[in-house]
Each structure stands twice: as C-alpha cells, then as structure tokens.
Amino acid sequence: MLDKQRTFFIFYRVGKLTGAHPWIAIWIGLAFAILCGVGLLRFYQETNLEDLWIPNNDILRDDTKYVAEHYPTRYRKAVLLAEADNVLTPKVVNAVKKRFH
C-alpha cells in the first residue's frame, strides 16, 4: 500500500502536468470518456423477469412454460381479497359475484 507522502507526490505530479499541458489533459479525459462510452453501443436492458431472476435449469421455468401453453393470455388474471367472518356465506359470495361479473 502506498504511504501518504508517495500518494501526495503522485497527485502533485499529475496536477503539475495537467497545469502545464491543459489541452492534452482535456483530450486524454475526453478520449477516456468516449472509450468508456463505446460499451453503451451494445447495451441491452433485460425486461423479462424470468430471465432476470430464475436460474436457467430451474423447474419453475418448465412450469411457467406449461402454464403459458395451456392457459393462454386471453384469460384474465385477478386477485380477490375478501374479508369477512366467513367468506363462504351466500351473502359474501353473491357480493363478490356482483363485483366481478
């Protein structure tokens, strides 16, 4: 690890060179930024959640594929949260039925 005096000396030299040749420092900084930016040409943002979070050899991928093949997207998915003492009473079931039909 560098000691404190050596670190100060390195930054002193860089500052002195930058002050003596500012245009070279600007062009080197610009070239470095462009070189780093070249990687953005191949940038791709993954939006498929399965590819992001599920391992390739996981059984969940097979299950998801099965569900997609046998239950097409024309079926609407819905989540129902009913709160009552007994959600299976005719009153609650009819209220849910009216809400979703």
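Residues numbered from 1 in each chain as written. Predicted model: local features only at pLDDT ≥ 70, side-chain atom pairs only at ≥ 80, totals over all residues. Heavy atoms only, no water.

Peer 1: Which residues make up the overall build of the protein, and what values go with them?
Peer 2: Counting its regular elements, the protein contains five helices and zero strands. Tracing the protein from N to C terminus, the helices and strands come up as α-α-α-α-α. Computed over C-alpha atoms, the radius of gyration of the protein comes to 31 Å, more than 25% over the 13 Å expected from 2.2 N^0.38 for 101 residues, which places it beyond the range of a compact globule. Here the C-alpha coordinates of the protein stretch approximately 85 × 35 × 30 Å along the principal axes. Every one of the 101 residues in the protein was classed for burial, and the buried ones make up 3%. Approximately 10500 Å² of the protein is accessible, and the part contributed by carbon and sulfur atoms is 63%. Computed over 14 positive and 10 negative side-chain charges, the inter-centroid distance for the protein is 10 Å. (Helix = DSSP H or I, 4+ residues; strand = E, 2+ residues; numbered from the N terminus. Rg over C-alpha atoms; globule rule 2.2 N^0.38 Å. Buried < 20%, exposed > 50% of the residue type's maximum accessible area, 1.4 Å probe, protein only. Areas by Shrake-Rupley, 256 points an atom, 1.4 Å probe, with all protein chains shown as cover. Lys, Arg positive; Asp, Glu negative; His and termini not counted. Charge placed at Lys NZ, Arg CZ, Asp CG, Glu CD.)

Peer 1: I'd like a description of the pattern of salt bridges, backed by residues and values.
Peer 2: Enumeration according to the criterion identifies one salt bridge in this entry. Here D51 makes a salt bridge to R61, at a shortest N to O gap of 3.1 Å. In this pair, D51 is assigned in helix α3 (residues 49-53) and R61 in helix α4 (residues 59-70), connecting sequence segments 10 residues apart. For D51, a relative accessible area of 40% translates into the label partly exposed. (Salt bridge = Lys/Arg side-chain N within 4 Å of Asp/Glu carboxyl O.)

Peer 1: So what about the side chain of R61? Which residues, and what values?
Peer 2: Taking the relative accessible area as the measure of exposure, R61 reaches 16% and is therefore buried. If near-sequence neighbours (up to four positions away) are discounted, R61 is found in contact with E50, D51, I54, P55 and N56. (Contact = heavy atoms within 4.5 Å.)

Peer 1: Break down the environment of D51 for me, with residues and values.
Peer 2: Sequence separation between D51 and R61 is 10 residues; the distance between their C-alpha atoms is 9.3 Å. Among all residues touching D51, those that are not within four sequence positions of it are E46 and R61. Here the side chain of D51 touches R61 through a polar contact of 3.1 Å, side chain to side chain. (Polar contact = N/O pair within 3.5 Å; in protein donor to acceptor, adjacent residues only side chain to side chain.)

Peer 1: Can you break down a nonpolar patch on the surface residue by residue, with the values?
Peer 2: Residues W23, I26, W27, L30, I34, V38 and L41 make up a contiguous nonpolar surface patch of about 830 Å² in total accessible area. Mapped onto the elements, L30 comes out in helix α2 (residues 22-37). Here L30 falls in the partly exposed class, since its relative accessible area comes to 40%. (Patch = residues over 30% accessible without salt bridge, like charges linked within 9 Å, V, L, I, M, F, W, Y side chains within 5 Å.)

Peer 1: Tell me what's going on with the confidence of the model for the protein, and back it up with residues and numbers.
Peer 2: Averaged over the protein, the pLDDT score is 88; the fraction of residues at 70 or greater is 94%. The secondary structure element of the protein with the lowest average pLDDT is α3, at 86, and the one with the highest is α2, at 95. (pLDDT = per-residue confidence, 0-100.)

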